[in-house]
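# Descriptive analysis of the structure
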Amino acid sequence: MKKITYLIILLIVSSCAVSKAEKYLKEGKTVQQNFKETIPFEIKKGLIILNAKINNKSYNFILDTGASNVISKELATELNVKVIGSESMGDIYGVEQKTNYTRIDNIQIGNLDFSETIAAISDFNSVPTLASMKIDGLIGSNLMQHAIWDFDFRKKLITITDNEKKLNLPKELIENKLFIGYAGIPSIAAKINGRKVWNFTVDFGFNGGINIPFAEFEKQKEKGKISDYKKSKTQGATGIYGKQNKIRESYIGTINEIEFGNSILKKEKVYSEQYLTHLFGLEFFRDYRVIINWSTKKIKMIKNKENTNLK
């Protein structure tokens, strides 16, 4: 389990820059109103790939709720974008780099137009997996927060709307509160064997499952509440700024229970790694129909009746 695109913004260089960046990342809107649009998506390397248009030309984007918008340097050059700022941003392993960002006038997804959203500019060639996937950018939460997104992983369809009533959701479903952070990135709280842990990122850009804090895994292991666990050491993790050679300890095991909102999940596989934040990734969410509503700050899930195989 690994996150191919480690793009959560960790550090901004000054308090002035923070307020400036926060303002920019709240920008954006949908041009249309009273809409419901359904689009297909693909799965590559365990990640959601969708088609979007800029200036009437199609490009391939990874959809990543754990990041802000990002475009490749090549796409930035092709679009001849204007750099409106530069901040010190860090990947998930704490590697910092000065990163330019720009404003995209319009990104069209299906027949919907998302206007005036901010995108960082990054060199995808530093991540061989991204380069091999021929990805032009990431659609992140700073764009997604301006609509309601309904993911049907069984049919590989996304429905985007501004009115949740149009989704015809069943009364019986799993529901949890969202906490909306920097760049619109959503997170949830969950109880691990009765112990509340805050700030699990809802991260569709992580192609693994449930990652819990490293210290918490060890505590639960000592209490005998994690079974079939295995410890290992790895080296050479790749962040958005390239390969890192830190030796990292990690665990994988089966946890007794996780309370996710109004539901208790039993015998879930969990992962834990040094230097990696705690999150719920796409390997977990693919077993559900998932609705993310930034306006009501709710995530809702309906269990798939059939297993969803994402390649």
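See the structure above.
Below: a short report on this structure. Everything quoted here is computed from the prediction, not taken from an experiment.

Parameters at a glance
Residues numbered from 1 in each chain as written. Predicted model: local features only at pLDDT ≥ 70, side-chain atom pairs only at ≥ 80, totals over all residues. Heavy atoms only, no water. Core = buried A, V, L, I, M, F, W, Y, C linked by side-chain atoms within 4.5 Å. Buried < 20%, exposed > 50% of the residue type's maximum accessible area, 1.4 Å probe, protein only. Contact = heavy atoms within 4.5 Å. Pairing = 2+ DSSP bridges. Helix = DSSP H or I, 4+ residues; strand = E, 2+ residues; numbered from the N terminus. 1 Å grid on protein atoms, 1.4 Å probe; cavity = no way out; pocket = protein on both sides within 12 Å on 5 of 7 lines; lining within 4 Å. Points joined across faces, edges and corners; volume = space filled by probe spheres on them. Nonpolar A, V, L, I, M, F, W, Y, C, P; charged D, E, K, R; others polar. Axes fitted to C-alpha atoms, helices over the stretch in contact; angles between N-to-C directions.

### Examining the nonpolar core
Of all hydrophobic cores here, the largest spans 61 residues; its most connected members are W149, F151, F204 and F285. Contacts of F151, omitting those with residues within four sequence positions, involve I48, L63, M144, L157, I158, F204, Y288, R289, V290 and I292. By size, the runner-up hydrophobic cluster in this structure holds twelve residues, among which are L47, I62, A120 and F124.

### Regarding the pairing of strand 22 (residues 263-273)
Here two bridges tie strand 17 (residues 210-211) to strand 22, and the two strands are oriented parallel to one another. Along strand 22, the bridge assignment pairs I210 with V270. Here strand 21 (residues 247-260) folds back onto strand 22, and the loop between the two strands holds two residues, one of which, G261, carries a positive phi near 60 degrees.

### Quick look at empty space enclosed by the protein
In this structure the tally under the stated criterion is two cavities of 30 Å³ or more. Approximately 30 Å³ is the volume found for the second largest cavity. Lining the second largest cavity, in full, are I54, F61, N69, V70, I71, I104, I107, A119 and L138. Residue classes in the lining of the second largest cavity are distributed as eight nonpolar, one polar and no charged.

### Examining the environment of L169
Among the structural elements, L169 can be located in the loop between strand 12 (157-161) and strand 13 (174-177). Judged by relative accessible area, which is 23%, L169 ranks as partly exposed. Separated by 122 residues in the primary sequence, L169 and I291 place their C-alpha atoms 9.4 Å from one another.

### Considering the sheet that holds strand 24 (residues 288-293)
Reading across the sheet, the six strands line up as 2-12-11-24-25-13 and stay open at both edges, with antiparallel pairing between neighbours. Looking at the sheet topology across the chains shown, the edges are occupied by strand 2 (36-40) and strand 13. Ignoring strand direction, the axes of neighbouring strands in this sheet form an average angle of 15 degrees. Judged from the five bridges that link them, strand 2 and strand 12 form a sheet pairing that is antiparallel. Across the sheet, E37 pairs through a bridge with I160, a residue of strand 12.

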